[in-house]
Amino acid sequence: MPTKCAINQFDYNLIKVFDATISTGNATRASHQLSVTPAAVSLALQRLQAIYKEELFT
């Protein structure tokens, strides 16, 4: 779990990307929904996974 200091600097757009990926079923469709590249979605998910040190998808 992130520390209090990390929460103050947390990028809440990562949650939006995570939600879009879950809702659409994959990163490519999430990227179309969010109007970003699939690479941007992938990087955002990697950042979120690094913060929580947990596998987001199995």
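What counts as what
Residues numbered from 1 in each chain as written. Predicted model: local features only at pLDDT ≥ 70, side-chain atom pairs only at ≥ 80, totals over all residues. Heavy atoms only, no water. Helix = DSSP H or I, 4+ residues; strand = E, 2+ residues; numbered from the N terminus. Buried < 20%, exposed > 50% of the residue type's maximum accessible area, 1.4 Å probe, protein only. Contact = heavy atoms within 4.5 Å. Phe/Tyr/Trp six-rings, centres within 6.5 Å; stacked < 30°, edge-to-face > 60°.

Participant: Explain the overall build of the protein chain residue by residue, including any values.
Facilitator: Along the backbone of the protein chain there are four helices and zero strands. The helix and strand sequence of the protein chain, counted from the amino end, reads α-α-α-α. Looking at the 58 residues of the protein chain, the share that counts as buried comes to 22%. Counting only contacts in the protein chain whose residues sit at least 6 apart along the sequence, the fraction spanning at least 24 positions is 52%.

Participant: Describe the packing of aromatic side chains, naming the residues involved and giving the relevant values.
Facilitator: According to the stated counting rule, one finds three aromatic pairs in the structure shown. Pairing Phe10 with Tyr12 gives two aromatic rings, centres 5.0 Å apart and planes at 75°, and the pair type is edge-to-face. You can call Phe10 buried: its relative accessible area is 12%. The interplanar angle of 70° and the centroid separation of 6.5 Å between the aromatic rings of Phe10 and Tyr52 together place this pair among those described as edge-to-face. Note that Phe10 is positioned in the loop between α1 (4–8) and α2 (13–24) and Tyr52 in helix α4 (residues 38–52), a separation of 42 residues in sequence. Aromatic ring contacts, followed pair by pair, group Phe10, Tyr12 and Tyr52 into a single cluster.

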